[in-house]
Amino acid sequence: MSDPNPHADDSYQWGPPQQDGQGNGPAGAGAPAYGYPQPLPESAAQPGPAYGYPPGPAAQPMVPGHGHAQPGAPMAGAPLLALGDITVVNDQIITPVGTMPLKGAVWSATDLSHTEERIPTVAIVLAIVFALLCLVGLLFLLMKEKKTTGFIQVSVTSDGKHHSTMIPATGPETFPWVMAQLNSARAMSV
């Protein structure tokens, strides 16, 4: 049972191709075998950075006359602050418009949200049902529901560039939270 097909000729050998002494593929073929580690060519004596890693600081593209990297250039450091699509990293502000210097940036926020207070539909139905039984059902009309809708607009201007973003207001506490983040960004911009 050592040979799976006793009728086959001996031209095909089971298993990976045998290598010769130099690490090449089948003896005499000269081409390396598939799946085996390949020797580095002479031109690759000093391999560069691995795929996905940003190049060193000397390789970052620079805008002539400015001391900051071009939009889309890799940035180093963890984000210190993020408001919508505006991110503050070290001494730069990263936006879809491009990068801007953090020093001297002007920040502003506008509250475009509003909070409504209304009587929910359930309270009206319960008031009608219980008003027929007794006048206590009118107390259900004291139930109130608050709903906040809208956005908070955050704008930043620096180095002749301007960018605005809209942050959805999820409640009445959203605008004070945005202002706290904005005041932190203003303190870093000085």
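What counts, and at which threshold
Residues numbered from 1 in each chain as written. Predicted model: local features only at pLDDT ≥ 70, side-chain atom pairs only at ≥ 80, totals over all residues. Heavy atoms only, no water. Helix = DSSP H or I, 4+ residues; strand = E, 2+ residues; numbered from the N terminus. Buried < 20%, exposed > 50% of the residue type's maximum accessible area, 1.4 Å probe, protein only. Contact = heavy atoms within 4.5 Å. Areas by Shrake-Rupley, 256 points an atom, 1.4 Å probe, with all protein chains shown as cover. pLDDT = per-residue confidence, 0-100. Pairing = 2+ DSSP bridges. Axes fitted to C-alpha atoms, helices over the stretch in contact; angles between N-to-C directions.

Engineer: So what's going on with the overall build of the protein chain? Residues and values would help.
Structural biologist: Helices and strands together make up the secondary structure of the protein chain, namely two helices and seven strands. Sequence-ordered secondary structure for the protein chain, helices as α and strands as β, is β-β-β-β-β-α-β-β-α. The 190 residues of the protein chain split such that 21% are buried. Contacts in the protein chain between residues far apart in sequence, at least 24 positions, make up 50% of those at least 6 positions apart. As displayed, the protein chain has an accessible area near 13,400 Å², and 62% of this comes from carbon and sulfur atoms.

Engineer: How would you explain the confidence of the model for the protein chain if you had to name every residue and give the values?
Structural biologist: On average, residues of the protein chain carry a pLDDT of 75, and 60% of them reach 70 or more. Across residues 56–70, where pLDDT falls below 50, the model places 20 contacts with residues more than four positions away in sequence or in other chains.

Engineer: Hey, could you go over the sheet that holds strand β2 (residues 86–89) for me, with residue numbers and the actual values?
Structural biologist: Spatially, β1-β2-β3-β4 is the arrangement adopted by the four strands of the open sheet, whose pairing is antiparallel. Looking at which strands have only one partner, the edges of the open sheet turn out to be β1 (79–83) and β4 (98–101). Here the average twist between neighbouring strands, direction ignored, is 20°. As judged from the four bridges shared by β1 and β2, these two strands associate in the antiparallel manner.

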